[in-house]
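Chain by chain, the residues:
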Amino acid sequence: GMAFPPALALAATGDQDLARRMGEALGREARALGVHICLGPGMNMARAPLLGRNCEYYGEDPHLTAHMSTELIRGLQSQGVMACAKHYVANEMELQRTGSDSRVDERTLREIYLPPFERAVRVGNTGSIMGAYNRVNGTPSCINDWMLRQVLRDEWGFQGIIVSDWGAGGGSAEKWSAGELDLAMSSGPMGNPEIVLPLIEQGKIDPAVYDRKVRHLLTRFIEFGFFDHAQKDSSLEVGSDENYEIALDISRKGTVLLKNESNLLPIDTNKVKSIAVVGLFAELPTGNLPYVTGIAGSSSISVPHPVSMSQAVRDQVGSEVNVISMPDDIATLFKTTNYVHTASDGSLQPGMWAEYYTNTTFSGEPELARVEPDLNFGHGWRLKSWLVQDKKFRRLSVRLNGAVTPTQSGVYQFVKKSNPGVKVWLDCDLIIDDLADFEKTHWLRPTAGVTRELTAGQTYDLKIDYVNIPDLTPHMKSLQFGWGLVDYSEVQEKVRSCDLAIVCAGFDHMTEGEGVDRTFELSYGQREFIEAVTEVQSQTVVVLTGGGACATESWVDQVPALLETWYLARDGAQAVAEILFGKVNPSGKLPVTFDRRWEDNPAYPHYKLDWSKKPYTTDYTEGIFIGYRGYDRSGKKPLFPFGHGLSYTTFEFGDLALEPLPDDGSGNLLRVTCTVRNTGKRAGAEVAQLYVGDEDCSVPRPIRELKGFRRVELQPGESKQVSFMLDRRAFCFWDEPSHVWRAESGVFKIAVGSSSRDLPLKTDFVLNSGYTLKP
């Protein structure tokens, strides 16, 4: 199958041309499959690193999101495939997304959360827009008159199709029908003639509203040629070489080199003759778990013939370098079989006694009872297929009873990997209760573990209760459990014997996904594993996967080189290996701030649900000061700033010049130019970033805001001029009392550089007279 890196990786490339090419490739894939509408791009903001779908979005900045997503829309729709910009709007929390209410002031909506959708309509001409699950300021998104009629239809002039998210909506059939929603997916009272026709006959629904909805649908279908030809184009190939090359290009350009002390990278194979590739993602999943690119949910794709990180490293070095691979010990724990249970005759027999119930309360007689030799059930379980397919097993509880007997004394770990719903007792002591943890913190912790000191030869009773709650975590019907000595001696011995270690850590589709938010911490055991490696090997590279920042504080200072790869498509590991060994020069830039601690994030005090209210409310109290805007305001130093990304070469910025433009009706006010020079010894790419700040204003404004970015490819010693066009809107804030965009006269700070905190070029621009713009 065809799997592209996620939107966050595309955003990290800073390459608008590549975004358009990816859109074209998605269009070709869709036409090859006969798909009319692609449900994307996702254009919500990475308000917090915990948001489960961050990797499906374009980061924390509205300008970056608006320009990259609009280019993708233009590329996609050029192939005769309709885009569906989503999720409109303020859908920045996956937890309880269908029952939450985003409380956001209008200025924050106008300046941060609406601009990507506005550009998608006004510049991208997106064919459709998807309403979100959540409420906005008390009203469900899909029937929110202010959002859909006043802003989207009347102000922006959108005449395309408004689609609901699957099962989203709210209110009565009359409310659905009277509103601007055109298409209720995948069902809803608005499209049910048995409900609607009597209401029309009773005069409760005006049939003219249905004429308008049908007109929106048919007009766009005609415009896209859906009635003129078959959507499936048999001349196109699913997963063509051209499309795979674009996916590989995104991985190469979107991987971010965060840290590279003493120029550890690229790895010099003349000096490095042995490498250990270790960690949770060093190898492909084994057993019945598929290799999935991306997160759990609607964007996950299983791909055939993937390449592991260890194999990709081997492919780069050939026989010159000895490559040793070793997965994280946690994965091997789940394969343990040293359990016993008491049989009906009173004897101890191998395995755990398991009882399966078709309810979540262990009620009645079990549907199935048997011995399980190990507790390594992945997606779909290791049950008879009829049990999985039978709808009565949609709700499932399993009770496991047995015992363990350690052969040597020491500290042991007991680890589970599953959705919330596991309780574990050791000798009647409740040692794991992840459902209680979930109810306390509301973050998904799929992998949880504890350590206990055990005595050799002593038998300890073990009881495990598992409950599958599909409403809570619909993507995960799985349980893995294991136990064993806490012992990193083997991995440390291998790592110590090598010249360099590569640790593959982060998140995957079991720990990050749609419908749930994730933890800031890496899953259980990863921190300890990285610390054990760095304890014996100073030459360590950590390769991270995931949708943004995570807890690194305990080990990041001991690691000289750090890469963020987001999520890798089929050939993504190849791209990372090419960067590690210098075949490709890294050029990705962070589309999100990397927090040193979650508590430092501007949204931290507010990114939560008020469980005392229903619908549950989440207040966007940080307002416009999300991400780097909030960090700049507080003066806190992030781990890595927005826009940051290193290269194997060096760049120099110079010749900053401002050219005020005549008012010719285009709306452009100022042209900013500068030169970027490659001062190093190898070809590379820099993403020049332009920020604008208004320090003397009647309302609080960010110190700087991204208003332009350009990717520049340069040979050694080569210089290129970069030009940015700033329109009148670039200097405005939303004036809520007057309901207009307003720019006040005075001094604006113009800054250009390689990240939001590395801005060597700075100058002032004086706006002699203020102005207002209609929305």
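Residues numbered from 1 in each chain as written. Predicted model: local features only at pLDDT ≥ 70, side-chain atom pairs only at ≥ 80, totals over all residues. Heavy atoms only, no water.

Looking at the nonpolar core
Next up, step 1: Within the largest apolar cluster, 77 residues are counted, with the highest numbers of intra-cluster contacts made by Leu10, Val278, Trp555, Trp566 and Phe594.
Next up, step 2: Examining the composition of this core, we find that six residues originate from one element, helix α1 (residues 7-13), more than from any other.
Next up, step 3: The contact partners of tryptophan 555, leaving out residues within four places of it in the chain, are Leu522, Arg527, Ile530, Glu531, Val542, Leu544 and Leu562.
Next up, step 4: Counting residues in each nonpolar core, the second largest holds 47 residues, with Val81, Val104, Leu148 and Phe625 among its members. (Core = buried A, V, L, I, M, F, W, Y, C linked by side-chain atoms within 4.5 Å. Buried < 20%, exposed > 50% of the residue type's maximum accessible area, 1.4 Å probe, protein only. Helix = DSSP H or I, 4+ residues; strand = E, 2+ residues; numbered from the N terminus. Contact = heavy atoms within 4.5 Å.)

Brief notes about the sheet that holds strand β35 (residues 740-743)
Next up, step 1: The strand order across the open sheet formed by three strands is β34-β35-β38, and the pairing between neighbours is antiparallel. Either end of the sheet is taken by a strand with one partner, and the two such strands are β34 (733-735) and β38 (771-773). Strand-to-strand twist in this sheet, taken as the mean axis angle between neighbours without regard to direction, amounts to 40°.
Next up, step 2: Bridge count between β34 and β35: three bridges; the pairing is antiparallel. Of the residues in β35, the one forming a bridge with tryptophan 734 is tryptophan 741.
Next up, step 3: Contacting β34 and β35, helix α4 (residues 106-113) runs over the sheet at an angle of about 150° to β34. (Pairing = 2+ DSSP bridges. Axes fitted to C-alpha atoms, helices over the stretch in contact; angles between N-to-C directions.)

With respect to the sheet that holds strand β22 (residues 447-454)
Next up, step 1: The strand order across the open sheet built from four strands is β17-β24-β19-β22, with neighbouring strands paired in antiparallel fashion. Edge positions in the sheet fall to β17 (375-377) and β22, since each has one partner strand and no second. Neighbour-to-neighbour, the strand axes of the sheet open up by a mean angle of 20°, direction not taken into account.
Next up, step 2: Pairing of β17 with strand β24 (residues 479-485) involves three bridges; the strand directions are antiparallel. Residue pairing across strands places leucine 375 opposite phenylalanine 481, the latter belonging to β24.

Concerning the pattern of salt bridges
Next up, step 1: Throughout the structure, instances matching the rule amount to 51 salt bridges.
Next up, step 2: A salt bridge links lysine 253 to aspartate 249, with the shortest nitrogen-to-oxygen separation between them at 3.4 Å. Separated by four residues within a single helix, lysine 253 and aspartate 249 lie in helix α10 (residues 241-254), roughly one turn from each other. When sorted by exposure, lysine 253 lands in the same class as aspartate 249, which is buried.
Next up, step 3: Across the salt bridge formed by arginine 742 and aspartate 735, the nearest N and O atoms sit 2.5 Å from each other.
Next up, step 4: With relative accessibility at 25%, the residue arginine 742 sits in the partly exposed group.
Next up, step 5: Exposure remark for aspartate 735: the relative accessible area of 11% places this residue in the buried category. (Salt bridge = Lys/Arg side-chain N within 4 Å of Asp/Glu carboxyl O.)

Some details on the environment of lysine 253
Next up, step 1: By relative accessible area, which is 15% here, lysine 253 ends up buried.
Next up, step 2: Along the backbone, lysine 253 and glutamine 558 are 305 residues apart, and their C-alpha atoms lie at a distance of 26 Å.
Next up, step 3: Setting aside anything within four residues of it in sequence, one finds lysine 253 in contact with Ala12, Thr13, Asp15, Leu18, Ser587, Gly588, Arg711 and Glu713.
Next up, step 4: Only 3.2 Å separates the side chain of lysine 253 from the side chain of aspartate 15, close enough to count as a polar contact. (Polar contact = N/O pair within 3.5 Å; in protein donor to acceptor, adjacent residues only side chain to side chain.)

Examining the pairing of strand β23 (residues 460-468)
On any regular strand, side chains alternate: one points to one face of the sheet, the next to the other face.
Next up, step 1: Burial of β23 is extensive: seven of the nine residues sit out of reach of the surface.
Next up, step 2: Pairing geometry for strand β18 (residues 396-404) and β23, over nine bridges, is antiparallel. Note on β23: the bridge partner recorded for valine 404 is tyrosine 460.
Next up, step 3: Of the pairings in the sheet, the one linking strand β20 (residues 422-426) to β23 comprises five bridges and is antiparallel in character. By the bridge assignment for β23, valine 422 is matched with tyrosine 466.

Here's the deal with a nonpolar patch on the surface
Next up, step 1: The grouping of Val214, Leu218, Ile222 and Phe227 at the surface amounts to a nonpolar patch, some 380 Å² of accessible area in total.
Next up, step 2: Mapping valine 214 onto the fold places it in helix α9 (residues 207-223). (Patch = residues over 30% accessible without salt bridge, like charges linked within 9 Å, V, L, I, M, F, W, Y side chains within 5 Å. Areas by Shrake-Rupley, 256 points an atom, 1.4 Å probe, with all protein chains shown as cover.)

Some remarks on the state of the cysteines
Next up, step 1: Tallied over the entire structure, the rule returns zero disulfides.
Next up, step 2: The structure places no disulfide on cysteine 732, whose sulfur is separated from the nearest cysteine sulfur, that of cysteine 697, by 10 Å.
Next up, step 3: Judged by relative accessible area, cysteine 732 falls into the buried class, the value being 4%. (Disulfide = S-S within 2.5 Å.)

Remarks on the packing of aromatic side chains
Next up, step 1: This structure, assessed with the given rule, holds 18 aromatic pairs.
Next up, step 2: With a centroid separation of 5.7 Å and 45° between ring planes, the pair formed by phenylalanine 221 and phenylalanine 226 is classed as tilted.
Next up, step 3: Here phenylalanine 226 falls in the buried class, since its relative accessible area comes to 12%.
Next up, step 4: Between tyrosine 488 and phenylalanine 529, the ring centres sit 6.3 Å apart and the planes meet at 75°, which makes this aromatic pair edge-to-face. With a gap of 41 residues between them, tyrosine 488 in the loop between β24 and α15 (489-497) and phenylalanine 529 in helix α16 (residues 526-536) connect regions that are remote in the sequence.
Next up, step 5: Phenylalanine 529 gets classed as buried once you look at its relative accessible area, which sits at 1%.
Next up, step 6: Through a chain of ring-to-ring contacts, the aromatic side chains of Phe221, Phe224, Phe226 and Phe227 assemble into a single cluster.
Next up, step 7: The positively charged end of arginine 570 is found above the aromatic ring belonging to tyrosine 244, 3.6 Å away from the centroid.
Next up, step 8: Taking the ring centre of phenylalanine 625 as reference, the NZ or CZ of arginine 633 above it sits at 4.0 Å. (Phe/Tyr/Trp six-rings, centres within 6.5 Å; stacked < 30°, edge-to-face > 60°. Lys NZ or Arg CZ within 6 Å of the ring centre and 35° of its normal.)

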